[in-house]
Amino acid sequence: MLVAEFEVTRRAFTVRMDIQVEPGERLAVLGPSGAGKTTFLEAVAGLVPLTAGEIRLDQRQLSSAARPQSDVPVGRRGVGLLRQNPGLFPHLTVLENICYPAGASAETATAAAARMGLHGLLQTRPQGLSGGEAQRVALCRTLQTTVRLLCLDEPFSSLDRPLGLELLGVLGEELRSRGMAALLVTHQLQEAQAFADRVAVLAKGSVLQVGGPRELVLRPKTAVVASLVGYRGWLRRGEQLLAIHPDRIWPAGSAATAGALSGRVVGMKPDGARIDVELESLGDWLGRFHCSFEEPPALGSEHSFRAEAAPVFAGSAAVFD
Amino acid sequence: MRASTGAALAGALIVWVALLGPLVVLLAHLTPGSVVSALRQPGAFQPLEVSVLASLIALGVILLLGTPLAYLMARGRLPFPRLWEVGVILPLLTPPLVIGLLLIFMVGPATPIGEALSHLNLSASDTFFALVIAEIYESVPYYVLGAAAAFAAVDPELEQAGALLGDGRWRTWRRVTLPLSAPGLSMALAVTWARAMGAFGAVLIIAYHPFGLPMQIWTTLQETGLSSALPFALVLLVVALPLPIGAYFWSSRARRRI
């Protein structure tokens, strides 16, 4: 469906993408701030020109660096974009905002608004809406268009986590019912996992790995990917780097397999109902790692652990530069 | 109330009274009889007609040519943006009399532009056409700068949102940019109208004839004295001011809504 093989040169670096999205698929692009995620979406939406390569949607060429004059204009690409700033028109009411796209009728807009829980707000101006309501209106408005692919630029990241995930669920239902494909860029792993069929990890403008949400956590190809999918403990042995995921390490004796470690408690802090304990590694592997405990252990006490299939990377800390 | 607040309030009151003073004095020196008798003189309304017509044409030209310029300036789409700004500000900084003199050298009968105009049966010296030109030069910066500020205040992401929802550039401009910048544009237009109606310095040099209202006031003052000129001053104010004042109140209300 979407074939995006292109480069866009930004001030600090060049964003290089080679991504394909299948019909109805949801792909998340996960990366830290400044990785080039927004540039990627803006290029797909036609807001920035390409410096190399091309973008095709359903066999139709949308953008091409070789022939930029024939790029399909923003509103005719069949691509919608929802941003963190909902971009509601302040001079229009909620209903008028939802009816903005050509062809949207008041009846369908009202029905869509009711589905999204906006029924009592149709005559309200955007200034009178909460952040969550404004994003619902923006989503409802975008869905009035005939887009084939919806690009989501961290649309719910300014909302509190439960509300953001709830709206992501609402959005997921809408996409499913329409068979619409979607691209979500986010720096939150949880959001990417909750939403996407596949996740592409992006750093400094380059795709480091593409895979299923679980596959990325289980088998990160590089230390940078590992750090982006939640690995927080880094232990060294010579030129080797062992990555520890706090959710994938257990006290020894559990059903977990392989990767025995031992460590001395050097610090701890509450983490919800449990205790996040920081440990100094003992033995061959040097460094510190974290493990979640039910009860606070004594400072300085020593424990054994099993880290399930903890990945080992060759090289040094240079991978984080 | 603290003493400093009281002093600031008193200072503000003095400035307000001083600004309104000339209007109060004008009204105090006029009797209904003197206004009626001045306006009943043969040809008394002609300067008003000339001024209104010339200002409307000037406003139309400024609107047509100044709006795209202001928009491009606001969106930073012009090469060498500072150079464009200087070009717009220059007529504002140049004394109107000097503008008039320079216009003679630019579009006067003995210049290439003047000669080209003569082929079109136009002359930019002591004609209605010259009056329109003088009014444009004196008032155009007020519109372009005001309109550029109004456009700059519109979030470009809203324009992108319009485009993403299927609108072309012109349709987005009409449905998003224009309504959101309308309060600022109307203020800029109203101030421009007042400046065009009251244009005098450049007009005196290149468009002494036909008489618009400012020239009528000036010649009446020279020929028959202050009391005869005052009724025309009142007419000028009555015609020139309602639009800016109305625009100010509408714009304040509209800004609160968006």
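Residues numbered from 1 in each chain as written. Chains lettered and ligands numbered in written order. Predicted model: local features only at pLDDT ≥ 70, side-chain atom pairs only at ≥ 80, totals over all residues.

1. What to know about the overall build of chain A
For step 1, the next point in the chain: The secondary structure content of chain A amounts to eight helices and 18 strands.
For step 2, the next point in the chain: Projecting the C-alpha coordinates of chain A onto the three principal axes gives extents of approximately 70 × 50 × 30 Å.
For step 3, the next point in the chain: Each of the 321 residues in chain A was classed as buried or not, and the buried ones make up 40%.
For step 4, the next point in the chain: A separation threshold of at least 6 residues defines the contact pool for chain A, and within that pool the share at least 24 residues apart is 63%. (Helix = DSSP H or I, 4+ residues; strand = E, 2+ residues; numbered from the N terminus. Buried ≥ 20, exposed ≤ 12 C-beta atoms within 10 Å, placed from the backbone. Contact = placed C-beta atoms within 7 Å.)

2. Some words on the overall build of chain B
For step 1, the next point in the chain: Assigned secondary structure in chain B consists of 13 helices and zero strands.
For step 2, the next point in the chain: Counting from the amino terminus, helix and strand elements in chain B follow one another as α-α-α-α-α-α-α-α-α-α-α-α-α.
For step 3, the next point in the chain: Within chain B, the proportion of its 258 residues that are buried is 38%.
For step 4, the next point in the chain: Across chain B, contacts joining residues at least 24 apart in sequence account for 76% of those joining residues at least 6 apart.

3. What about the interface of chain B and chain A?
How big an interface is tends to be expressed through the accessible area that disappears when the partners come together.
For step 1, the next point in the chain: At the interface, 14 residues of chain B touch 17 residues of chain A.
For step 2, the next point in the chain: If you list the elements that add at least two residues to the side of chain B that touches chain A, you get helix H8 (156-164) and helix H9 (169-198) of chain B.
For step 3, the next point in the chain: Grouping the constituent residues of the side of chain B that touches chain A by class yields nine nonpolar, three polar and two charged. (Nonpolar A, V, L, I, M, F, W, Y, C, P; charged D, E, K, R; others polar.)

4. Digging into the packing of helix H3 (residues 46-74) of chain B against helix H11 (residues 213-224) of chain B
Residue and element names in this part refer to chain B.
For step 1, the next point in the chain: H11 packs onto H3 with a crossing angle of 145° between their chain directions and a minimal axis gap of 7 Å. Note on element contacts: H11 touches H3 through Leu 213, Met 215 and Gln 216, opposite Pro 47, Leu 48 and Ser 51.
For step 2, the next point in the chain: The residue makeup of the contact of H3 with H11, split by class, is four nonpolar, two polar and no charged. (Axes fitted to C-alpha atoms, helices over the stretch in contact; angles between N-to-C directions.)

5. As for the sheet that holds strand S15 (residues 274-282) of chain A
Residues and elements named next belong to chain A.
For step 1, the next point in the chain: A sheet is described by the order of its strands in space; here eight strands give the open sequence S13-S17-S14-S15-S16-S11-S12-S18, paired in antiparallel fashion. If you trace the sheet from one side to the other, it starts and ends with strand S13 (249-251) and strand S18 (312-314), each paired once. Averaged over all adjacent pairs, the angle separating strand axes in this sheet is 40°, with direction ignored.
For step 2, the next point in the chain: Both strand S11 (residues 233-237) and strand S12 (residues 240-244) contribute to a ladder of five bridges, which runs antiparallel. (Pairing = 2+ DSSP bridges.)

6. Quick look at unusual backbone geometry
For step 1, the next point in the chain: Backbone torsion omega between His 209 of chain B and Pro 210 of chain B reads -5°, so that peptide bond is classified as cis.
For step 2, the next point in the chain: Phi is positive for Gln 59 of chain A, which is not a glycine, with a value near 70°.
For step 3, the next point in the chain: Of note, Gln 59 of chain A is situated in the loop between strand S4 (52-57) and strand S5 (60-64).

7. Quick look at the domain arrangement of chain A
For step 1, the next point in the chain: We note that the domain assignment places domain 1 (2-218) and domain 2 (231-320) within chain A.
For step 2, the next point in the chain: Here domain 1 of chain A and domain 2 of chain A have C-alpha centroids that lie 37 Å from each other. (Domains from an automatic or database assignment.)

8. Comments concerning the pairing of S4 of chain A
All names here are of chain A.
For step 1, the next point in the chain: With six bridges connecting them, strand S1 (residues 2-9) and S4 associate as antiparallel partners. In the sheet register, Glu 5 faces S4, and the bridge partner there is Glu 54.
For step 2, the next point in the chain: Relative to S5, S4 is paired through four bridges, and the arrangement is antiparallel. When the bridges of S5 are listed, Glu 54 appears paired with Ser 64.
For step 3, the next point in the chain: In this structure, the hairpin formed by S4 and S5 is closed by a connection of two residues, where Asp 58 is found at a positive phi of approximately 50°.

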